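Analysis of the macromolecular model
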Amino acid sequence: MQIFTPVWKDPKKREKALAWVEKQSGDSEKLLEAAMHSPMQDVGMAAAEKLTDQKLLYKLITAVGLDLYDWKGRNGIQRRNLALQKITDQTILRELAKQGYFCDNSRCAPDRLTDPGTLTEMLTDENFFTAEKQNTYAKTGLLAYALKTVLGTLGLNGALAVAAKLPYRDIAGMLVDRMTADFGMDAAEIAADPAFQPAVRIKAAVLLPDNSALYALARADEREIPLDFRCEAAKQITDQNLLAALIEEEMKRLENIPFTAVTEDAQKLLRAALKNVRDPQIRKRFCSLEGKDSELHTWETVSEREEFGWQGYQRIKNVYWTVRCVNCGIENEKHYFIPVSRSPEEEG
Ligand SMILES: [Zn+2]
């Protein structure tokens, strides 16, 4: 029995296969088959390039998947990325964005995604992205793009609507810049308005000449500003008097809760407040909170020495140095080594 083999499957018929691809129409299912399964990369790429039907391109993209290291390997990824660049249908672009195709490592430009509804949804709905694997850096880039585009088209009302829901810290500054610089809104009012998201309010408070808005945000009720955001506000405070006041309040609060409840989480705001405190006496009180490796110590290097040794057959140089906390005086020795060809004695 003779089984018919498509020309794109036979590595001996490369030229014929390429000519075959040229003759296909952009909505051919057979062309999709070739783009998905041809063992010849140039034939597969030519087939992906020739495809124009948006649903078929979507099938090719999702058949390869998000994972850069999946079984289809590099060849599949290249065909997928080519297909991604050919999608212009807004519904399909939305679906691909949701699934994280613009938040993976391929860095595909998403600028064909222009539907204001989708872009707004992306910015305001924390559950918009459904993919588990996402590159945070690429996702932030996509969100920044979405914000720029949305602000340009929706104006002040759009900005207000987004500010009421925007959960992302990384791009909140951009939104606040637009609201204050382009729409003339008052930063102090934004910072004080519970209608806006914590990330937005904190960015607005940072713009103010004094830190009192940040202090108010750091001390806000948990239901108004969740702990992580209050810590972020506390970390931005530079005014030493406000920091001292915040620390005193937190110390009092911790004294009044049961010892077993004084967890690292309960101390979180205190630790955040301490970040910018310059007074060594105040800092010293907190050095012991996390032990020797605490980030709360302020280390300075007091001595350093080198020692040559072996690791297996490899000559190495050990570098030891001692650091001392300027506040509490505790010392900590650190060590690293690098492979070397010969010790100085051997080099004579
Ligand atoms: Zn210390």
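Check the entry above for the structure.
So, here is what we can say about the structure in this document. Small disclaimer: the values here were computed from a predicted structure and weren't measured.

Scanning the chain from terminus to terminus reveals 17 helices and 3 strands. Taking 348 residues into account, the globule formula puts the C-alpha radius of gyration at 20 Å, and the chain, at 29 Å, lies well above it. For the chain, the spread of C-alpha atoms along the three principal axes comes to 90 × 75 × 40 Å. For the chain, the residues scored as buried account for 29% of the 348 residues in total. Counted over contacts in the chain with a minimum sequence separation of 6, partners at least 24 positions apart contribute 57%.

Moving on, we come to the packing of helix H8 (residues 136-163) against helix H9 (residues 172-182). The description of two helices packed together rests on the angle between their axes and the distance between the axes. Running from N to C, H8 and H9 point in directions that differ by 50°, and their axes come no closer than 10 Å. Taken together, H8 and H9 sit at an angle that is classed as oblique. Considering how the two elements wind past one another, H8 and H9 form a crossing that is right-handed. Within the contact between the two elements, H8 uses Ala144, Leu147, Leu151, Ala159, Val162 and Ala163 and H9 uses Met174, Leu175, Arg178 and Met179. Its residues assigned to classes, the contact of H8 with H9 shows 9 nonpolar, no polar and 1 charged.

To continue, consider the nonpolar core. Judged by nonpolar contacts, the single largest core of 78 residues is most densely connected at Ala47, Leu51, Leu60, Leu175 and Val200. Counting residues per element, this core draws most heavily on H8, which supplies 9 residues. Other than its neighbours up to four places away in sequence, leucine 51 contacts Gly26, Leu31, Leu32, Ala35, Leu56, Leu57, Leu60 and Ala83.

Let us now look at the sheet that holds strand S1 (residues 299-311). Reading across the sheet, the 3 strands line up as S1-S2-S3 and stay open at both edges, with antiparallel pairing between neighbours. Only two strands of the sheet have a single partner each, and these edge strands are S1 and strand S3 (331-339). Within this sheet the neighbouring strands show an average axis-to-axis angle of 20°, counted without direction. Across 9 bridges, strand S2 (residues 314-325) lies against S3 in antiparallel orientation. Paired with valine 319 across the two strands is tyrosine 336, which belongs to S3.

For helix H7 (residues 116-124), every residue scored as buried is listed here: Thr118, Leu119, Thr120, Met122 and Leu123. Against the buried residues of H7 lie helix H6 (90-98) and H8.

Contact geometry of helix H1 (residues 14-23) with helix H3 (residues 41-50) gives a least axis separation of 9 Å together with a crossing angle of 5°. Judged by the inter-axis angle, H1 sits roughly parallel to H3. Two secondary-structure elements touch here, H1 through Arg14, Ala17, Leu18 and Val21 and H3 through Val43, Ala46, Ala47 and Lys50. The residue makeup of the contact of H1 with H3, split by class, is 6 nonpolar, no polar and 2 charged.

What follows deals with the pairing of S2. Pairing of S1 with S2, which is carried by 12 bridges, proceeds in the antiparallel orientation. The partner of threonine 301 across the bridge, within S2, is valine 323. Counting the residues that bridge the hairpin from S1 to S2 gives 2 residues, and of these glycine 312 lies at a positive phi of roughly 65°. Joining the antiparallel neighbours S2 and S3 is a turn of 5 residues, in which glycine 329 adopts a positive phi near 85°.

Before going further, it helps to examine the environment of aspartate 265. Secondary-structure assignment places aspartate 265 in the loop between helix H14 (240-255) and helix H15 (268-274). Sequence separation of aspartate 265 and leucine 227 is 38 residues, and the distance between their C-alpha atoms is 9.2 Å.

Considering the arrangement of structural elements, one finds aspartate 10 in the segment before H1. For the pair formed by aspartate 10 and serine 38, sequence separation is 28 residues and the distance between their alpha carbons is 8.4 Å.

On to the environment of lysine 59. Topologically, lysine 59 is positioned in helix H4 (residues 54-64). Taking C-alpha positions, lysine 59 is 8.3 Å from leucine 32, a pair spaced 27 residues apart along the chain.

Cut-off values and rules
- Residues numbered from 1 in each chain as written.
- Predicted model: local features only at pLDDT ≥ 70, side-chain atom pairs only at ≥ 80, totals over all residues.
- Helix = DSSP H or I, 4+ residues; strand = E, 2+ residues; numbered from the N terminus.
- Rg over C-alpha atoms; globule rule 2.2 N^0.38 Å.
- Buried ≥ 20, exposed ≤ 12 C-beta atoms within 10 Å, placed from the backbone.
- Contact = placed C-beta atoms within 7 Å.
- Axes fitted to C-alpha atoms, helices over the stretch in contact; angles between N-to-C directions.
- Parallel < 35°, antiparallel > 145°, perpendicular 65-115°, else oblique.
- Left-handed = near helix turned anticlockwise from the far one by under 90°.
- Nonpolar A, V, L, I, M, F, W, Y, C, P; charged D, E, K, R; others polar.
- Core = buried A, V, L, I, M, F, W, Y, C linked by C-beta atoms within 7 Å.
- Pairing = 2+ DSSP bridges.

Such coordinate-based values are descriptive only and should not be taken to indicate function.
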